[in-house]
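Next come the chains, spelled out residue by residue.
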Amino acid sequence: MSTYVDFSYRFEGKPADIAFARSVIADIRAEYEDWEGLEYEPVIGKDGSLAWSGCGKFDLQPFDRKFASLTRGSAMKVWAYVGCTDGCCEGQLQFFEKGSFRVVEQWKADIGLRSAMAAVQLSSEADIDAALVLIDRVAIADDDGWDEYDWSHLRAGGVCSVLLANALFKHPELLQSSKVADALKGVAKGMVDINKHLRKYKAMKKADINLIDELLAVSEGLEISIVVKSGQTAKRNAVRV
């Protein structure tokens, strides 16, 4: 990866472990107070987890070693995500447990911690909330836009579309959820635009682009099904080229 990165950590454990992790983060921020990009305060989530993120040009390995040590001899678990769009377009998810850490998955796009964890969740089970996270990330990518000089958001949208397609084809029962079906239909127009420009810039493999086409066909099928049930005339989407 390039030297400028965005990072996010998620700490899961008992309240006492979370409190200690928060104190370790405070120590890190004090130790590296001259480093730009560490000014964000850690935040406790509704589920009791602790989240901390930042960005900058520095080596994250000292942080990783400190956080890995927190999991030694305790039930604490830590997820770590690092993404880069500075000279490359990459994302990586790591998992810390029992004093060590490993790379869980890598992507050719900066998709963020939530999407990375959602993709991992969907690889093993039909999780509605995880599917909605990926759909939302596709919508964000489409809103953020891209051009011929910067494809970072385009690649994020494309990768998350592929991850979503794989999840829905692996767990077709997800489409029985009205939340997932409605969200997929809502993002279909943006996904058409993403796929169009992925082809134009040759920004992803042809097989992945074709997979997004298959997902769009599923979305169109959902719309047609609803129209048939209501007795209305179906509106066709613009032809994808």
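In short, a report on the structure.

The rules behind the values
- Residues numbered from 1 in each chain as written.
- Predicted model: local features only at pLDDT ≥ 70, side-chain atom pairs only at ≥ 80, totals over all residues.
- Heavy atoms only, no water.
- Phe/Tyr/Trp six-rings, centres within 6.5 Å; stacked < 30°, edge-to-face > 60°.
- Helix = DSSP H or I, 4+ residues; strand = E, 2+ residues; numbered from the N terminus.
- Contact = heavy atoms within 4.5 Å.
- Polar contact = N/O pair within 3.5 Å; in protein donor to acceptor, adjacent residues only side chain to side chain.
- Buried < 20%, exposed > 50% of the residue type's maximum accessible area, 1.4 Å probe, protein only.
- Expected span 1.5 Å × (residues − 1).
- Bend = angle between axes of the 7 residues up to and from the residue.
- Axes fitted to C-alpha atoms, helices over the stretch in contact; angles between N-to-C directions.
- Parallel < 35°, antiparallel > 145°, perpendicular 65-115°, else oblique.
- Left-handed = near helix turned anticlockwise from the far one by under 90°.
- Nonpolar A, V, L, I, M, F, W, Y, C, P; charged D, E, K, R; others polar.
- Salt bridge = Lys/Arg side-chain N within 4 Å of Asp/Glu carboxyl O.
- Pairing = 2+ DSSP bridges.

## Details of the packing of aromatic side chains
The geometry of two aromatic rings is summed up by the distance between their centres and the angle between their planes.
And then number 1: Counted according to the given criterion, the structure contains 16 aromatic pairs.
And then number 2: Members of the aromatic cluster, joined through ring pairs, are F7, Y9, F11, Y32, W35, W52, F63, F67, F96 and F101.

## Some details on the environment of E12
And then number 1: Position of E12 relative to the elements: it lies in strand β1 (residues 4-12).
And then number 2: Taking the C-alpha atoms as reference points, E12 and T71, separated by 59 residues in sequence, lie 9.8 Å from one another.
And then number 3: Setting aside chain neighbours within four positions, we find E12 in contact with I18, S49, A75, M76, K77, W79 and M117.
And then number 4: Polar contacts involving the side chain of E12 include one to the side chain of R10, which spans 2.7 Å.

## Description of helix α3 (residues 113-122)
And then number 1: Most of α3 sits inside the fold, with 7 of its 10 residues counted as buried.
And then number 2: Of all the residues in α3, the buried ones are L113, S115, A116, M117, A118, A119 and L122.
And then number 3: Where α3 is buried, its residues meet β1, β4 (77-84), β5 (90-97), β6 (100-107), α4 (128-144) and α5 (152-170).

## A few points about helix α6 (residues 178-201)
And then number 1: If you check α6, its first and last C-alpha atoms are 34 Å apart, about what 24 residues at 1.5 Å a residue would give, namely 34 Å.
And then number 2: Along α6, the sharpest kink reaches roughly 45°, centred on A188.
And then number 3: Among the residues trailing α6, K202 stands out with phi positive, at a value near 50°.

## Let's talk about the packing of α3 against α4
And then number 1: Relative to each other, α3 and α4 sit at 140°, their axes nearing to 8 Å. As far as their axial angle goes, α4 and α3 are oblique. With respect to the hand of their crossing, α3 and α4 are arranged in left-handed fashion. Together, R114, S115, A118, Q121 and L122 of α3 and A130, A131, V133, L134, D136 and R137 of α4 make up the contact between the two elements.
And then number 2: Of the residues that constitute the contact of α3 with α4, the class distribution is 6 nonpolar, 2 polar and 3 charged.

## Quick look at the side chain of H171
And then number 1: For H171, the position within the fold is in the loop between α5 and α6.
And then number 2: Exposure remark for H171: the relative accessible area of 8% places this residue in the buried category.
And then number 3: A distance of 3.5 Å separates a polar atom in the side chain of H171 from the backbone oxygen of E125.
And then number 4: When near neighbours in sequence (up to four residues on either side) are disregarded, H171 contacts L122, S124, E125 and A126.

## Some details on the pattern of salt bridges
And then number 1: Summed over the entire model, instances satisfying the criterion amount to 6 salt bridges.
And then number 2: The salt bridge involving E12 is made with R10; its shortest N-O contact spans 2.7 Å.
And then number 3: Judged by relative accessible area, E12 falls into the partly exposed class, the value being 24%.
And then number 4: Looking at R10, the relative accessible area reads 22%, which means it is partly exposed.
And then number 5: The partner of D47 in a salt bridge is R10, and the shortest N-O contact between them spans 2.7 Å. In this pair, D47 sits in the loop between β2 (43-44) and β3 (50-57) while R10 sits in strand β1, placing the two residues 37 residues apart along the sequence.
And then number 6: Owing to a relative accessible area of 53%, D47 belongs among the exposed residues under this scheme.
And then number 7: Three or more residues are tied together by salt bridges with common partners; here these are R10, E12 and D47.

## Digging into the pairing of β4
And then number 1: In terms of burial, β4 is largely enclosed, as 7 of its 8 residues are buried.
And then number 2: Relative to β4, β1 runs antiparallel, the two being bridged by 7 bridges. In the sheet register, D6 faces β4, and the bridge partner there is G83.
And then number 3: Bridge count between β4 and β5: 7 bridges; the pairing is antiparallel. Within β5, the position partnered with Y81 by the bridge is L93.

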